[in-house]
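Descriptive analysis of the structure
Each chain, written out:
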Amino acid sequence: MGLDRPQAWLLGLPTAAVYGSLALFTTILHNVFLLYYVDTFVSVYKINKMAFWVGETVFLLWNSLNDPLFGWLSDRQFLSSQHRSGAGLSSRAVVLARVRALGWHGPLLALSFLAFWVPWAPAGLQFLLCLCLYDGFLTLVDLHHHALLADLALSAHDRTHLNFYCSLFSAAGSLSVFASYAFWNKEDFSSFRAFCVTLAVSSGLGFLGATRLLRRRVEAARRDPGCSGLAVDCGLCGEELLVGSEEADSITLGQYLRQLARHRNFLWFVSMDLVQVFHCHFNSNFFPLFLEHLLSDHISLSTGSILLGLSYVAPHLNNLYFLSLCRRWGVYAVVRGLFLLKLGLSLLMLLAGPDHLSLLCLFIASNRVFTEGTCKLLTLVVTDLVDEDLVLNHRKQAASALLFGMVALVTKPGQTFAPLLGTWLLCFYTGHDLFQQSLITPVGSAHPWPEPPAPAPAQAPMLRQGCFYLLVLVPITCALLQLFTWSQFTLHGRRLHMVKAQRQNLSQAQTLDVKMV
């Protein structure tokens, strides 16, 4: 019996669209989580201050360690060239394993998201367990999703094509932020709880459907030598790249870390990315503060709320244009151009001063959009580092998830440095201590504890001036540091083409070996 029309239509979807849809099912949950989890536990569940800080401290440690931990558990078999069973593992089998993992971890992520919105334990215990469970499943989903970007496609053009769909679906997923405003009510939580249940069910079913469809594509390519539509570049077609040879020994974590320490481009990249992660989270943490002290007298509350919502959607839409530039000029040149643009706009704003309101409003918005856009492009650079790591260390299979995990281990401290350094700089410039006024919370969250009186009117101009200098000097400093570190990064142009060619040759050589066996 033939396929019915809906099923046939689904099977006709491009592989890149199916891959990108996984970003939609993550984004619709994660943006709502970021906006409301603090407010829910503080205002609705009435968590006490000590339990809140204990939960955040444990979460900080777990958030830093789980990326490399899960990456190592996922990919350590690829570092060793001999399996315990003695059997080889093909690149197609690696992709299937990652897709199956997403099929399990995606619905579990949706369930852990649901656990925030229904009280089922003392507030402090529930806060701690929910944060760790949610972040654990989110890390597993992100690692395997990013690793698939390196495993499904080899050429820069095709990886950019995959990332294009990720940005498109992420922009669509960010619309859940706007929808959430209609349901959020701390006094009557039932409607918002029903909204979150709807999101979780949609996400869980979406993960199950998308991974099933992707798995069928991979399995169909195994039976079809023509490979019409598995990977966008058919990189897996006919490729049975075995992990396993008799002459090589297994590799330990210490040996792998020493290999990374000798990987020059990896070290320069994580140095640059640490600054980028810092700047992204600095913008997120202080975006409401800049609106309040620099623009609040000139824009309405509803306009400020719209700006907050657009700041979540615009980076994804803008990234679609950046990706088209990447196809033409390469990721390295586009990222370098964005660093130069950040430096130029910040210097212009510094010279113009805080009284040019239209320019100030444009700068605050563009600073966040361009910075977030750069963060999303850097995933493509990590996939190139995966290729170089495979070639430099003569691996039989790329350890994609592990390398993404190691990048996260080095760069995630930037999330912690952003609010700490930002509040210190503001206090240094103005003498105004935010912790004596209110607790800094994520964008969109209410203040967890009552605020003392606002600063005296005489201090207001100084505070506004301090916010302005913070707004422009941080991106200037970040841009200068990033332009230096990025200039030392050599995995572009001729070297990148050489690495791609060597990986392709390795694949063809291994395929030949398999056919002869």
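Residues numbered from 1 in each chain as written. Predicted model: local features only at pLDDT ≥ 70, side-chain atom pairs only at ≥ 80, totals over all residues. Heavy atoms only, no water.

Examining the overall build of the protein
Keep this limit in mind: Here a strand is any run of E in DSSP of at least two residues, a helix any run of H or I of at least four, and the numbering for each starts at the N terminus. Working definition: with a 1.4 Å probe on protein chains only, accessible area under 20% of the residue-type maximum means buried, over 50% means exposed, and in between means partly exposed. Accessibility throughout is a Shrake-Rupley quantity obtained with a 1.4 Å probe, and a residue counts as covered only by protein chains that appear here.
A tally of helices and strands in the protein yields 17 helices and zero strands. Relative to its full complement of 517 residues, the protein shows a buried share of 52%. With the model as given, the accessible surface of the protein reaches about 22900 Å², and the carbon-plus-sulfur share is 65%.

Observations regarding the state of the cysteines
We apply this condition: Cysteine sulfur atoms are paired as a disulfide whenever they come within 2.5 Å of each other.
For the structure on display, the rule yields one disulfide. Covalent S-S linkage joins cysteine 280 and cysteine 375, the inter-sulfur distance amounting to 2.3 Å. In this structure the cystine formed by cysteine 280 and cysteine 375 twists about its S-S bond by roughly 110 degrees; its chirality is therefore right-handed. Placement of the pair is cysteine 280 in helix α10 (residues 264–295) and cysteine 375 in helix α13 (residues 357–392), with a sequence separation of 95 residues. Of the residues examined, cysteine 280 reaches a relative accessible area of 4% and is grouped as buried.

Some remarks on empty space enclosed by the protein
Rule in force here: Residues are called lining when one of their atoms sits within 4 Å of a cavity or pocket point, these points coming from a 1 Å grid over the protein atoms alone, where a cavity is a set in which a 1.4 Å probe fits but cannot get out and a pocket is an open set with protein on both sides within 12 Å along at least five of seven lines. Grid points are joined across faces, edges and corners, and a volume is the space filled by probe spheres set on the points. Note on residue classes: Ala, Val, Leu, Ile, Met, Phe, Trp, Tyr, Cys and Pro are nonpolar, Asp, Glu, Lys and Arg are charged, and everything else, Gly too, is polar.
Taken as a whole and assessed by the stated rule, the structure comprises three cavities of 30 Å³ or more. In this structure, the second largest cavity occupies an estimated 80 Å³ of space. Elements with a contribution of two residues or more to the lining of the second largest cavity: α12 (331–352) and α13. Tallied by class, the residues present in the lining of the second largest cavity amount to four nonpolar, four polar and one charged.

Looking at the nonpolar core
Quick reminder of the rule: As used here, the term nonpolar core means buried Ala, Val, Leu, Ile, Met, Phe, Trp, Tyr and Cys residues forming a set that is joined through side-chain atoms within 4.5 Å. Contacts between residues were defined by any pair of non-hydrogen atoms, one from each residue, lying within 4.5 Å.
With 109 residues, the main nonpolar core has Phe113, Phe116, Phe269 and Trp486 as its most contacted residues. Looking at this core, the element that brings in the most residues is helix α2 (residues 15–44), giving 18 residues. Ignoring any residue separated from it by four or fewer positions in sequence, one finds phenylalanine 116 in contact with Phe33, Tyr37, Thr40, Phe41, Tyr45, Gln126, Cys130, Leu131 and Tyr134. Counting 25 residues, the second-largest nonpolar core is a separate cluster that includes Val275, Phe286, Met349 and Leu425.

Focus on the packing of aromatic side chains
Note the cut-off: Centres within 6.5 Å are what make two rings of Phe, Tyr or Trp a pair, Trp counting through its six-membered ring; a difference in plane orientation under 30 degrees is then read as stacked, over 60 as edge-to-face, and the rest as tilted.
Summed over all chains, the structure comprises 34 aromatic pairs. Judged by centre distance (4.8 Å) and plane angle (10 degrees), the ring pair of tryptophan 486 and phenylalanine 489 falls under stacked. Take tryptophan 486: its relative accessible area is 1%, and that puts it in the buried class.

Regarding the environment of histidine 497
Tracing the sequence through the fold places histidine 497 in helix α17 (residues 493–516). Histidine 497 gets classed as exposed once you look at its relative accessible area, which sits at 59%.

Looking at α2
Our working definition: To estimate the expected span of a helix, count its residues, drop one, and scale the result by 1.5 Å. Here the bend at a residue means the angle between the axes of two seven-residue stretches, the one that ends at it and the one that starts at it.
For α2, built from 30 residues, the straight-helix expectation of 44 Å at 1.5 Å per residue is met to within 8% by its first-to-last C-alpha distance of 42 Å. Where α2 bends most, at tyrosine 36, the angle is about 45 degrees. Counting buried residues in α2 gives 27 out of 30 residues, a clear majority hidden from the surface. One or two residues past the end of α2 sits lysine 46, with phi positive at roughly 60 degrees.

Thoughts on a nonpolar patch on the surface
Note the threshold: Here a patch means residues that are over 30% exposed by relative accessible area and free of salt bridges, tied together within 9 Å if like-charged and within 5 Å if nonpolar (Val, Leu, Ile, Met, Phe, Trp, Tyr). Salt bridge, as applied in this entry: a Lys or Arg side-chain nitrogen positioned within 4 Å of an Asp or Glu carboxyl oxygen.
Taken together, the side chains of Val118, Trp120, Leu125, Leu129 and Leu133 present a nonpolar region at the surface, about 440 Å² in accessible area. In this fold, leucine 129 is placed in helix α5 (residues 123–152).

Looking at the environment of leucine 470
Note that leucine 470 resides in helix α16 (residues 460–487). Between the C-alpha atoms of leucine 470 and phenylalanine 290, which are 180 residues apart in sequence, the distance is 9.2 Å. When neighbours within four sequence positions are excluded, leucine 470 is seen to be in contact with Phe282, Phe290, Gly422, Leu425, Leu426 and Pro475.

Describing the packing of helix α4 (residues 91–114) against α5
Selection rule: Lines fitted to the C-alpha atoms define the axes, with helices restricted to the stretch that makes contact. Angles between their N-to-C directions range from 0 to 180 degrees. The labels follow the angle: roughly parallel below 35 degrees, roughly antiparallel above 145, roughly perpendicular from 65 to 115, and oblique for the rest. Should the near helix be turned anticlockwise from the far one by less than a right angle, the crossing is termed left-handed; should it be turned clockwise, right-handed.
For the pair α4 and α5, the least separation of the axes is 8 Å and the interaxial angle reads 150 degrees. Considering the angle they form, α4 stands roughly antiparallel to α5. As α4 runs across α5, the sense of the crossing is left-handed. Of the residues in α5, those touching α4 at Val94, Val95, Arg98, Val99, Ala101, Leu102, His105, Gly106, Leu108, Leu109, Ser112 and Phe113 are Leu133, Tyr134, Phe137, Leu138, Leu140, Val141, His144, His145, Ala147, Leu148, Asp151 and Leu152.

A short note on the packing of helix α9 (residues 253–261) against helix α14 (residues 400–411)
Interhelical geometry of α9 versus α14 gives an angle of 70 degrees and a closest axis separation of 13 Å. Judged by the inter-axis angle, α9 sits roughly perpendicular to α14. For the crossing formed where α9 meets α14, the hand is right-handed. Touching Tyr256, Leu257 and Leu260 of α9 are Leu402, Leu403 and Met406, all from α14.

Digging into α5
Helix length check: α5 (30 residues) gives 43 Å between terminal C-alpha atoms against 44 Å at 1.5 Å per residue, within 8%. Of all the 30 residues making up α5, 23 are buried; the element is thus mostly covered by neighbouring parts of the structure.

Considerations on the side chain of aspartate 67
Mapped onto the fold, aspartate 67 is located in helix α3 (residues 49–79). Look past the residues within four positions of aspartate 67 in its chain and what remains in contact with it is Thr139, Leu143, Gly405, Ala408 and Lys412.

So, the pattern of salt bridges
With the rule as written, the count across this model stands at nine salt bridges. A salt bridge links arginine 98 to aspartate 151; the nearest nitrogen and oxygen atoms lie 2.6 Å apart. Here aspartate 151 lies in helix α5 and arginine 98 lies in helix α4, a separation of 53 residues in the sequence. Arginine 98 gets classed as buried once you look at its relative accessible area, which sits at 2%. For aspartate 151, a relative accessible area of 8% translates into the label buried. Across the pair arginine 368 and glutamate 372 runs a salt bridge, and its minimum N-O distance is 3.5 Å. Within this pair, arginine 368 and its partner glutamate 372 are both found in helix α13, separated by four residues, close to a single helical turn. When salt bridges with common partners are traced through the structure, they connect Arg159, Asp384, Asp387 and Lys500 into a single cluster.

Overview of the confidence of the model for the protein
We count it as follows: Here pLDDT means the predictor's own confidence in every residue, given as a number from 0 to 100.
In the predicted model, the protein carries a mean pLDDT of 78, and the fraction of residues at 70 or more is 78%. Ranking the elements of the protein by mean pLDDT puts helix α1 (residues 5–11) last with 46 and α12 first with 93. The low-confidence segment residues 227–248 (pLDDT under 50) makes 73 contacts with residues lying over four places distant or belonging to another chain. Ignoring residues within four places in sequence, the model shows residues 437–454, a span with pLDDT below 50, making 40 contacts including any to other chains.

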